[in-house]
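What follows is each chain in one-letter form.
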Amino acid sequence: MSVEVKLPTVLRTHTDGRPSVAVEGSTVGEVFQALTARYPGLTGNLLADSGELHKFVNVYKDDDDIRYLEGLDTKVADGDVLTVMPAVAGG
Amino acid sequence: MAFASPTLRLTQTQYRTIVAHCYDGLPDEACGMLVGPVLANGEPTGVASEARPCRNADASAVTFTVDPKDMLGAMRAAEARGQEIVGVWHSHTHTDAYPSPTDVRSAVDPNWMYVIVSLRVGAPVLRAFRIRSDQIAEIPVAIDRG
């Protein structure tokens, strides 16, 4: 399954400037595993030490927040788009 | 400060959109995203193509979190234009238009412009900043016709 992962500008320093990367995997977790194997600098930005999705990152599979699906176990299909976004906050 | 540029250029319509959304959000803070062109090095030119109001997922008078679904919409809007998200704006309902410690700590992208609208006094005060490595630099704001 080839999935397109779109990345925000702040993370593209880890992908040689690429705004999106095509990665293989059948779940979001597998996609991220393949993605971070290719671009290790992304690891700490996407995943917490526990292996869960980093709390400052939101990931959408097409129009759905994966936290409201099955998290990293969310299944992906060929042609799906995962959009990674920073949590934007302040006070 | 070396990064006290560019000049943020808003149209009058964008300015009014931002300020109106800030008032509409009272008593809570309001927020939104700026879309615009960037240079080859990722730096914003300062021009805003869109000022997109977003929901404050915190629904709070002291903090904001841009609703992720609205953030997704902003990213798609930027992509459709061949542009990027170049900044975020939010209101301070009872404090000055200057980044709070929370704003500095939460600043996610060193290339973004951070716009703050203070509603503390009678007239709104809009100022813009760059935030890098916990350093704050104010940038000029120009309100153009349009």
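It should be emphasised that the depicted structure is a prediction, and the values quoted were computed from it without experimental measurement.

Undergrad: Would you mind going over the overall build of chain B with me for this structure?
TA: Broken down by element type, chain B carries 3 helices and 9 strands. When the helices and strands of chain B are placed in sequence order, the string is β-α-β-β-β-α-β-α-β-β-β-β. The C-alpha radius of gyration of chain B comes to 14 Å, within 12% of the 15 Å expected for a compact globule of 146 residues. Overall size of chain B, expressed as C-alpha extent along the three principal axes, is 40 × 35 × 30 Å. By residue count, 49% of the 146 residues in chain B fall in the buried class. Put simply, 66% of the contacts in chain B that link residues at least 6 apart link residues at least 24 apart. By element, 52% of the accessible surface of chain B is carried by carbon and sulfur atoms, the whole surface being about 6500 Å². The averaged location of the 16 negative side-chain charges in chain B is 5 Å from the averaged location of its 13 positive side-chain charges.

Undergrad: I keep staring at the pattern of salt bridges and nothing clicks. Help me out?
TA: Oppositely charged side chains may form a pair once their charged atoms are brought near each other. All names here are of chain B. Counted according to the given criterion, the structure contains 13 salt bridges over all chains. A salt bridge links Arg 132 to Glu 43, with the shortest nitrogen-to-oxygen separation between them at 2.3 Å. Taken together, the residues Arg 132 in strand β7 (residues 125-132) and Glu 43 in the loop between β2 (31-36) and β3 (50-54) connect sequence positions 89 residues apart. Looking at Arg 132, the relative accessible area reads 23%, which means it is partly exposed. The closest approach of N and O atoms between Asp 96 and Arg 120, which form a salt bridge, is 2.7 Å.

Undergrad: I keep staring at the nonpolar core and nothing clicks. Help me out?
TA: As a rule of thumb, nonpolar side chains are buried together in soluble globular proteins. Ranked by internal contacts, the top residues of the largest apolar core, which has 24 residues, are Val 88 of chain A together with Met 33, Val 66, Met 71, Ile 85, Val 88 and Trp 112 of chain B. Elements supplying a minimum of two residues to this core: β2, α2 (68-81), β5 (84-92), β6 (113-118) and β7 of chain B. If one sorts the elements of this core by residue count, α2 of chain B sits on top with 5 residues. In this structure, Val 66 of chain B is in contact with Val 88 of chain A together with Cys 31, Met 33, Cys 54, Arg 55, Met 71 and Val 88 of chain B, ignoring residues within four places of it in sequence. Core analysis: the next-biggest nonpolar cluster, separate from the first, contains 22 residues, Val 21, Phe 32, Leu 42 and Leu 82 of chain A among them.

Undergrad: Please clarify how the state of the cysteines should be interpreted in this entry.
TA: Simply put, the disulfide is a covalent bond whose two ends are the sulfur atoms of two cysteines. All names here are of chain B. All chains considered together, the criterion is met by 0 disulfides over all chains. The structure places no disulfide on Cys 22, whose sulfur is separated from the nearest cysteine sulfur, that of Cys 31, by 8.9 Å. The exposure class assigned to Cys 22 is buried, which follows from its relative accessible area of 0%. No disulfide involves Cys 31; its sulfur sits 5.8 Å from the nearest other cysteine sulfur, which is in Cys 54. With relative accessibility at 0%, the residue Cys 31 sits in the buried group.

Undergrad: Help me understand the interface of chain A and chain B, please; the structure alone is not making it clear to me.
TA: Between chain A and chain B, the contact holds 19 residues from the first and 26 residues from the second. For the pair chain A and chain B, the summed buried surface comes to about 1700 Å²; carbon and sulfur atoms form 58% of the total. Interface area lost by chain A to chain B is led by Val 88, Gly 90 and Gly 91 of chain A, which between them contribute 35%. Counting the contacts that link chain A with chain B gives 3 salt bridges. Between Glu 79 of chain B and Lys 6 of chain A there is a salt bridge; the shortest N-O distance is 2.7 Å. At the surface where chain A touches chain B, the tally comes to 13 residue pairs in polar contact (both at pLDDT 80 or more). When residues of the side of chain A that touches chain B are traced back to their parent elements, those giving at least two are β3 (57-61), β5 (81-86) and β6 (89-90) of chain A. Per-class residue counts for the side of chain A that touches chain B are 10 nonpolar, 5 polar and 4 charged. Relative to strand β4 (residues 64-65) of chain B, β6 of chain A is paired through 2 bridges, and the arrangement is antiparallel. By the bridge assignment, Ala 89 of chain A is partnered in β4 of chain B with Thr 65 of chain B.

Undergrad: What is the right way to look at the sheet that holds strand β8 (residues 135-139) of chain B in this model?
TA: Sheet strands associate in pairs through backbone hydrogen bonding, adopting either a parallel or an antiparallel arrangement. All names here are of chain B. On the basis of which strands lie adjacent, the open sheet formed by 6 strands has the order β3-β2-β5-β6-β7-β8 and mixed pairing. Edge positions in the sheet fall to β3 and β8, since each has one partner strand and no second. Between one strand and the next, the sheet's axes are offset by a mean angle of 30 degrees, whatever the strand orientation. With 5 bridges connecting them, β2 and β3 associate as antiparallel partners. Across the sheet, the residue bridging to Gly 32 is Pro 53, located in β3. On top of the sheet, helix α1 (residues 12-25) reaches β2, β3, β5, β6 and β7; it is set at about 10 degrees to β3, its chief contact. Across the sheet, α2 touches β2, β3 and β5, and the angle it forms with β3 is around 165 degrees.

The rules we used
Residues numbered from 1 in each chain as written. Chains lettered and ligands numbered in written order. Predicted model: local features only at pLDDT ≥ 70, side-chain atom pairs only at ≥ 80, totals over all residues. Heavy atoms only, no water. Helix = DSSP H or I, 4+ residues; strand = E, 2+ residues; numbered from the N terminus. Rg over C-alpha atoms; globule rule 2.2 N^0.38 Å. Buried < 20%, exposed > 50% of the residue type's maximum accessible area, 1.4 Å probe, protein only. Contact = heavy atoms within 4.5 Å. Areas by Shrake-Rupley, 256 points an atom, 1.4 Å probe, with all protein chains shown as cover. Lys, Arg positive; Asp, Glu negative; His and termini not counted. Charge placed at Lys NZ, Arg CZ, Asp CG, Glu CD. Salt bridge = Lys/Arg side-chain N within 4 Å of Asp/Glu carboxyl O. Core = buried A, V, L, I, M, F, W, Y, C linked by side-chain atoms within 4.5 Å. Disulfide = S-S within 2.5 Å. Buried area = accessible area lost by both parts, 1.4 Å probe. Polar contact = N/O pair within 3.5 Å; in protein donor to acceptor, adjacent residues only side chain to side chain. Nonpolar A, V, L, I, M, F, W, Y, C, P; charged D, E, K, R; others polar. Pairing = 2+ DSSP bridges. Axes fitted to C-alpha atoms, helices over the stretch in contact; angles between N-to-C directions.

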